[in-house]
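Below are the chains, spelled out letter by letter.
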Amino acid sequence: MQNSGNDQLSMILKNVLNPDSNIRIASENQITQFLSQNFGEFLVELSKKISTEEEDKQVRQVSSTIIKNFVNNANYTQNWFKLQDEIKNVIKQNILSTLASKDVDIRKAAALALAGICKIEIPKKQWLNIFDILISTAQNNDINIQLSSLTALEYIYEEINPGNIPNETVAALLNTYYSLLNKDNIPIQLAINTLNSVQNFLPFIKAFIIESVQRLKFFDIIEKYVKNDSDKIRQLGLKIFIEICRIYYDYIQEYIEKIFHFTKIIIEKD
């Protein structure tokens, strides 16, 4: 009976993407009904779909989207906060486990679901240890876990505001980026994911940018990637400097000469 119910749920989730509007709307209505009847239990089942490698890819992606959208839906957000911590933790752990998936699209879907939960919890000073978790997994030996952890951080920064993260956590995150970017022979994709994450992290580091030694340390490591042999990495490094100039214009004067120098190199190369 349990397997039959799971198969039925998978079919309903898959039909959300059906080109036939009648089938699609019927499935959407069933999902809304499930959410209204037992919000917590349904999200647990969706999180299980996300974390099951044997499940259909579309079903896993739709499950992630539903969790992200409905915890942020004004009609359902309070339902999330009314859930017992044990239920919320099961949902979170199932999604976190999916960061190890071999499928990049599934890892991104899981990262988006995590960011959706963080959007409502972190401003309330809840689940702040997600940063400790992702700091650890961003340095995992499994490259897929590293990449997805950095993507999750990138998406989380998009959903919250500067000030939502305590300064000691910002410092720990900054040290993680230093550790990754200082590696010799860093894989290209790891460099790309790290730089993308750093770009979204920029609004959170004002307390460190205003201090001269910390500022120059940060600028120097980004400059290293502006000069990288990969044109894609050079482009990302330059985007970060453009954002730095936009957000922290008052603090770049002492670095103007270096910016001129590496801009000249980029013009020559690209």
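See the structure shown above.
Treat the numbers as computed from the prediction; the structure is a model and nothing was measured. All chains use their own residue numbering, which begins from 1 and follows the written sequence. Where local features are concerned, this predicted model is filtered to residues with pLDDT of at least 70; where side-chain atom pairs are given and counted, the filter is 80 or more; whole-chain, interface and lining totals use all residues. Each side-chain value is worked out from all heavy atoms of the structure, with water and hydrogens disregarded.

Strands are runs of DSSP state E lasting at least two residues, helices are runs of H or I lasting at least four, and both sets are numbered from the N terminus onward. For the chain, the count of helices and strands is 15 helices and zero strands. For the chain, the spread of C-alpha atoms along the principal axes amounts to about 70 × 35 × 35 Å. Sequence-distant contacts, at least 24 apart, represent 69% of the contacts inside the chain between residues at least 6 apart. Every accessible area reported is derived by Shrake-Rupley at a probe size of 1.4 Å, with residue values counting cover from the shown protein chains alone. In the form shown here, the chain has an accessible surface area of approximately 13,600 Å², with 48% of it arising from carbon and sulfur atoms. Contacts are assigned to residue pairs with any non-hydrogen atoms lying within 4.5 Å of each other.

Attention shifts here to the environment of K119. For K119, the location among the structural elements is in helix 7 (residues 104-121). When accessible area is computed with a 1.4 Å probe and restricted to protein chains, residues below 20% of their type maximum are described as buried, those above 50% as exposed, and intermediate ones as partly exposed. K119 sits in the partly exposed class, given a relative accessible area of 38%. Spatially, the C-alpha atom of K119 lies 9.0 Å from that of Y157, the residues being 38 residues apart in sequence. Sequence-distant contacts of K119, that is, excluding residues within four places in its chain, are made with N72, E159 and I160.

What follows deals with the pattern of salt bridges. Put simply, a salt bridge is a Lys or Arg side-chain nitrogen that is within 4 Å of an Asp or Glu carboxyl oxygen. Summed over the entire model, instances satisfying the criterion amount to 16 salt bridges. Between E159 and K119 there is a salt bridge; the shortest N-O distance is 3.6 Å. Here E159, found in helix 9 (residues 143-159), pairs with K119, found in helix 7; they are 40 residues apart in sequence, far enough to count as distant. One network of salt bridges, in which partners are shared, links D220, E223, K227 and K258.

This brings us to the layout of surface pockets. A probe as big as a water molecule, rolled over the atoms, marks out the empty space that is left. In this analysis a 1.4 Å probe is tested at points of a 1 Å grid over the protein atoms alone, and where it fits but cannot get out there is a cavity; an open set with protein on both sides within 12 Å along at least five of seven lines is a pocket; lining residues have an atom within 4 Å of a point. Grid points are joined across faces, edges and corners, and a volume is the space filled by probe spheres set on the points. Taken as a whole, the second largest pocket encloses approximately 210 Å³ of empty space. Lining the second largest pocket are 13 residues, with V104, K108, T151, Q189 and N193 sitting closest to its centre. Contributing elements (two or more residues each) for the lining of the second largest pocket: helix 7, helix 9 and helix 11 (188-201). Ranked by residues supplied to the lining of the second largest pocket, first place goes to helix 9 with five residues. Any residue that is not Ala, Val, Leu, Ile, Met, Phe, Trp, Tyr, Cys, Pro, Asp, Glu, Lys or Arg is counted as polar, Gly included; the first ten are nonpolar and the last four charged. Here the lining of the second largest pocket is composed, by residue class, of four nonpolar, five polar and four charged.

Quick look at unusual backbone geometry now. Phi is positive for K125, close to 65°, though the residue is something other than glycine. Checked against the element boundaries, K125 lands in the loop between helix 7 and helix 8 (130-137). With a phi angle near 55°, W127 is a residue other than glycine that sits in the positive phi range. Structurally, the position occupied by W127 is in the loop between helix 7 and helix 8.

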